[in-house]
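# Fold and contact review
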Amino acid sequence: MPVLDRASWLFARCTAWWQAARRTREKLRQEALQRAHAEQRALSLLLGLLNAEQRREFQAHGYFHVIGGSTGDRYRIRLDSAVNIDVLGEHGIIRYHLCARPTGSLPMYDVMAGQLLHLQDSSAEIGFLSQANRHVTLSFAAMGRWQER
C-alpha cells in the first residue's frame, strides 16, 4: 500500500473515531439533561405532596416525618438511595429501618413521594410494610427493645 493511501486510510479512521466519540458525548449530554429535568419535576411533585411542616423539615434537613395511616407509627423518610425510612419509637429513637423502592431507575424524589403516599394511606400502609425489608439498628437491639411486629 502506498504511503499516501495508508495516510488517507489512517486519517479516515481517525475522523470516524472522532465523529463517533462526538456523537457519544452529545448523547450522554442529552441523557444527563433529561435526568436533571426528570429530577426537577420529581422534586416539584414531592414538595407539592408535603405539608408546610414537612416541606420545612425537608428543605432544612433532607428528611420529613410521616404518621402511618393505619398504625399511627411515626416514620422519617430521608433523602437516600436505600434504607431511607426510619421507624421511630419513643423520644424519636429509631426502632428499625425500612428499605422499599420500586425496581428500575426512578428519580429519588419520585421514590420518596411513593413512600410518603403508601405510608400515610390507611389502606396501603400495611401492604407496604409487608413488602419492605427491615434492618434492625444495632443500638436499639443492644438496648434489648427490639420486638417483631
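Everything below is about the structure printed above this text.
Cut-offs applied
- Residues numbered from 1 in each chain as written.
- Predicted model: local features only at pLDDT ≥ 70, side-chain atom pairs only at ≥ 80, totals over all residues.
- Heavy atoms only, no water.
- Helix = DSSP H or I, 4+ residues; strand = E, 2+ residues; numbered from the N terminus.
- Buried < 20%, exposed > 50% of the residue type's maximum accessible area, 1.4 Å probe, protein only.
- Contact = heavy atoms within 4.5 Å.
- Areas by Shrake-Rupley, 256 points an atom, 1.4 Å probe, with all protein chains shown as cover.
- Pairing = 2+ DSSP bridges.
- Axes fitted to C-alpha atoms, helices over the stretch in contact; angles between N-to-C directions.
- Salt bridge = Lys/Arg side-chain N within 4 Å of Asp/Glu carboxyl O.
- Core = buried A, V, L, I, M, F, W, Y, C linked by side-chain atoms within 4.5 Å.

Secondary structure summary: the chain contains 5 helices and 5 strands in total. Start at the N end of the chain and walk to the C end: the helices and strands fall as α-α-β-β-β-β-α-α-β-α. A total of 149 residues make up the chain; the buried ones form 29% of that total. Sequence separation of 24 or more characterises 49% of the internal contacts of the chain that already satisfy a separation of 6 or more. Roughly 10000 Å² of accessible area belongs to the chain as shown, and the carbon and sulfur atoms make up 56% of that amount.

If you walk across this open sheet you meet the 5 strands as E1-E2-E3-E4-E5, and the pairing is antiparallel. The two strands at the open ends of the sheet, each matched to only one other strand, are strand E1 (63–67) and strand E5 (133–136). The average angle at which neighbouring strand axes cross in this sheet is 30 degrees, direction not considered. Direction of pairing for E1 relative to strand E2 (residues 74–78): antiparallel, over a ladder of 5 bridges. Of the residues in E2, the one forming a bridge with Val-66 is Tyr-75.

Moving on to the pattern of salt bridges. Going through the model one piece at a time under the given rule, you end up with 5 salt bridges. For Arg-78, the salt bridge identified is with Asp-80, shortest N-O distance 3.5 Å. Judged by its relative accessible area of 33%, Asp-80 falls in the partly exposed class. The partner of Asp-86 in a salt bridge is Arg-78, and the shortest N-O contact between them spans 2.9 Å. When its relative accessible area of 1% is taken as the criterion, Asp-86 is described as buried. Connected through salt bridges with shared partners, the residues Arg-76, Arg-78, Asp-80 and Asp-86 form a single ionic network.

To continue, consider the nonpolar core. Soluble globular proteins tend to pack their nonpolar side chains together in the buried interior. Among the nonpolar cores identified, the biggest contains 25 residues, and Leu-46, Phe-58, Phe-64, Ile-77, Leu-98, Met-112 and Leu-119 are the most heavily contacted of them. Those elements that place two or more of their residues in this core are helix H1 (3–49), E1, E2, strand E3 (85–88), strand E4 (94–99), helix H3 (108–120) and helix H4 (125–131). Beyond its immediate stretch of four places on either side in the chain, Phe-64 contacts Leu-46, Leu-50, Gln-54, Glu-57, Phe-58, Tyr-75, Arg-76, Ile-77, Met-112 and Leu-116.

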